[in-house]
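# Summary of structural features
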Amino acid sequence: MNKRLFGLLVVLMSLSLIGIIFVQSYWINKSVQDKEEQFSNTVTQILNRVVENIEKREVQDYLDEFYKLKDSIGEPKAAHLKNFFFFDRDINSNEIRFYTHGILEEDYDLASTLFDIGSETTTFKNITSTKTTEIFKEEFGLDGKSYALTPVQKIKKIGELASVDRIGMDLAFRELAKSRSIHKRVTRQEIELFLSRELKNSGIDIDYEYGVYSKGLPTKVKSKKFKFSNTSLYKSPLFSDSEGNTNFSLLLTFPKKKRFLIQSILGMAILSLTFTLIIVVAYAGAIYQLIKQKQISKIKSDFINNMTHEFKTPIATINLAVEAIKNPKIISDKDKVLRYLQMIRDENKRMHAQVENVLRISKLEKNQLDISKDREDVHDIIEDAITHVELIVADRGGYINTHLNAERSEVLANEMHFTNVMVNILDNAVKYSPDTPKIDVFTELANNFIVIKVQDQGAGMSKSVLKKVFEQFYREHTGDIHNVKGHGLGLAYVKKIIDDHQGEVFAESEKGKGSTFYIKLPLI
């Protein structure tokens, strides 16, 4: 994948992720707004019903009191305003039907204490309708001359003139009730009873505060913790007259409304955020894998280039040696032939060792490498590993000093693989010492572990390199990628072998001042 295509993919995926997060945020915000609007509409309806119930209760109280007083004064003064008369005669049954329908006005002089308006009496006029049906039977005597009307049935109904009269009575009570104090017209207990019932019926379980205000000023009828707030206040006019005017308003507020609204959509919001988080994690993982694969691709390309270069050199050397041996002048010189044969053998061993390293790493990755462990002496393995590199160190005028101070040094290890581990670390110390190699090897005890320390005074590593030094194929380059021979598998191999031995390996380094590698293994 080229750099431009990779960048385009990252940008498109990032824009898609930002879009998803934006849509989720918009949806959650819109849900809160919709819930708040729905909540406000429901509360407004509840408040209107509460006010209506309070007003109906007040009018009904006056009507009950009115009927009680009306019954206590006996027969009222009555006068018929209008009468309608109907007469019908049935020849077959000899019955005569009389029907009258009149409008009756009744005057009631009631005690004025009903409204506390200061006068001695209050006069109410009640207009009702009276309906009377009488049936008489005609009877003649035996002589055929005498005649009489015998009453058979009489039905009398008295009722209200019309429903409009009830409305008029309600309006009259409302007008007269204006003069009373608000705390006599409604109580806190009544408001709380109606509010609690209506909120429960609407499925709203939340604390509330209320208050009755008169012309914008608070009255005694309010809850203890009620505070006026323009932002979260619901208002409904109370005790309106026939023209819709009133001095009183019932105010309702919910101190925990925000929490209630958020909790109402909390389940879906958490689910949405969870899926969004999964998408973010998956996206980050995909980007990480893409970057990692890109790095691996680059490292593998470098590895192939290095391997090609390192195979190219010994192959060229072998070819030159073979051509030299074929020369008649050389073939007769036994010493030169042996020398060229030794060169061929050395270069062949070098290529074989490189191939073996690659194969070992491959087997370790697939867990196919059978590592049997026996009781081994760490000091002996260190001494053996030093013999593999001491000639190279001596040839460059350097040294390897040992400080094997650990009193116990027996571990459970595989001799061949652990020797390779030490050789790789020592070989790195030699390769990355631009000047004379100066290497010190230490051993010491730490609780039930032996710690091996390989210290050099070479080029050292930066912190960024130190973090990746044990990764496969990773090599630090200083301009020319072939300036230090290798293929980035040595320390990866070291890490895998030490992990298999239940040990630890790590390094400390400072650029220009050398590096120190630590190996920690459990003692037997």
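These numbers were taken from a predicted model, which means no experiment stands behind them.

### A look at the sheet that holds strand β15 (residues 514-522)
Adjacent strands of a sheet pair through backbone hydrogen bonds, lying either parallel or antiparallel. Strand order across the open sheet formed by five strands is β10-β12-β13-β15-β14, with mixed pairing between neighbours. The open sheet terminates on both sides in strands that have one partner only, identified here as β10 (399-404) and β14 (504-510). Within this sheet the neighbouring strands show an average axis-to-axis angle of 15°, counted without direction. Pairing between β14 and β15: seven bridges, direction antiparallel. Bridging from a neighbouring strand, E508 pairs with T516 of β15.

### With respect to the confidence of the model for the chain
Averaged over the chain, the pLDDT score is 77; the fraction of residues at 70 or greater is 72%. In this model, residues 478-487 is a region of pLDDT below 50 whose contacts with residues beyond four sequence positions or in other chains number 26 contacts.

### Section: the side chain of E198
Considering the arrangement of structural elements, one finds E198 in helix α4 (residues 188-201). E198 sits in the buried class, given a relative accessible area of 10%.

### Considerations on the sheet that holds strand β7 (residues 233-238)
Taken in spatial order, the four strands make up an open sheet running β6-β5-β8-β7, and their pairing is antiparallel. Of all strands in the sheet, those with a lone pairing partner are β6 (217-222) and β7, marking the two edges. Averaged over neighbouring strand pairs, the angle between their axes works out to 35° when direction is ignored. Sheet topology note: the β7/strand β8 (residues 248-253) ladder contains six bridges and is antiparallel. Bridge pairing in β8 places S236 opposite L250. Here α4 sits on the sheet in contact with β5 (209-214), β6 and β8, set at roughly 130° to β5.

### A short note on the pairing of strand β12 (residues 438-446)
Where β10 lies against β12, six bridges are found, and the strand directions are parallel. Opposite N401, over in β12, you have D440 as the bridge partner. With eight bridges connecting them, β12 and strand β13 (residues 449-456) associate as antiparallel partners. Bridge assignment links E444 to a residue of β13, and that residue is V451.

### Some remarks on the nonpolar core
Nonpolar side chains tend toward joint burial in soluble globular proteins. Counting 40 residues, the largest nonpolar core has F418, M422, I452 and I519 as the members making the most contacts within it. Taken together, the elements giving at least two residues each to this core come down to α9 (378-395), β11 (410-413), α10 (415-431), β12, β13, α12 (490-500), β14 and β15. With eight residues, the top contributor of residues to this core is α10. Among residues more than four places away in sequence, those in contact with I452 are V378, I382, F418, M422, V441, F442, T443, F517, Y518 and I519. Judged by nonpolar contacts, the second largest core, of 27 residues, contains L47, V186, V221 and Y234.

### Here's the deal with the packing of α9 against α10
Contact geometry of α9 with α10 gives a least axis separation of 9 Å together with a crossing angle of 40°. Between α9 and α10, the angle is such that the two are oblique. Seen from above, α9 lies across α10 with right-handed handedness. Together, V378, I381, I382, D384, A385, I386, H388, V389, I392 and V393 of α9 and E415, F418, T419, M422, V423, L426, D427 and V430 of α10 make up the contact between the two elements.

### Here's the deal with α9
An ideal rise of 1.5 Å per residue puts 26 Å on 18 residues; α9 measures up with 26 Å between its terminal C-alpha atoms. Along α9, the sharpest change in direction is near 45° and occurs at V389. Taken together, the buried positions of α9 are occupied by V378, H379, I381, I382, A385, I386, V389 and V393. On its buried face, α9 is in contact with β9 (374-377), β10, β11, α10, β12 and β13. Looking at where α9 begins, the residue whose side-chain oxygen comes 2.8 Å from the main-chain nitrogen of H379 is D377. Positioned one or two residues after α9, G397 has a phi angle of 80°, which is positive.

Basis of the calculations
Residues numbered from 1 in each chain as written. Predicted model: local features only at pLDDT ≥ 70, side-chain atom pairs only at ≥ 80, totals over all residues. Heavy atoms only, no water. Pairing = 2+ DSSP bridges. Helix = DSSP H or I, 4+ residues; strand = E, 2+ residues; numbered from the N terminus. Axes fitted to C-alpha atoms, helices over the stretch in contact; angles between N-to-C directions. pLDDT = per-residue confidence, 0-100. Contact = heavy atoms within 4.5 Å. Buried < 20%, exposed > 50% of the residue type's maximum accessible area, 1.4 Å probe, protein only. Core = buried A, V, L, I, M, F, W, Y, C linked by side-chain atoms within 4.5 Å. Parallel < 35°, antiparallel > 145°, perpendicular 65-115°, else oblique. Left-handed = near helix turned anticlockwise from the far one by under 90°. Expected span 1.5 Å × (residues − 1). Bend = angle between axes of the 7 residues up to and from the residue. Polar contact = N/O pair within 3.5 Å; in protein donor to acceptor, adjacent residues only side chain to side chain.

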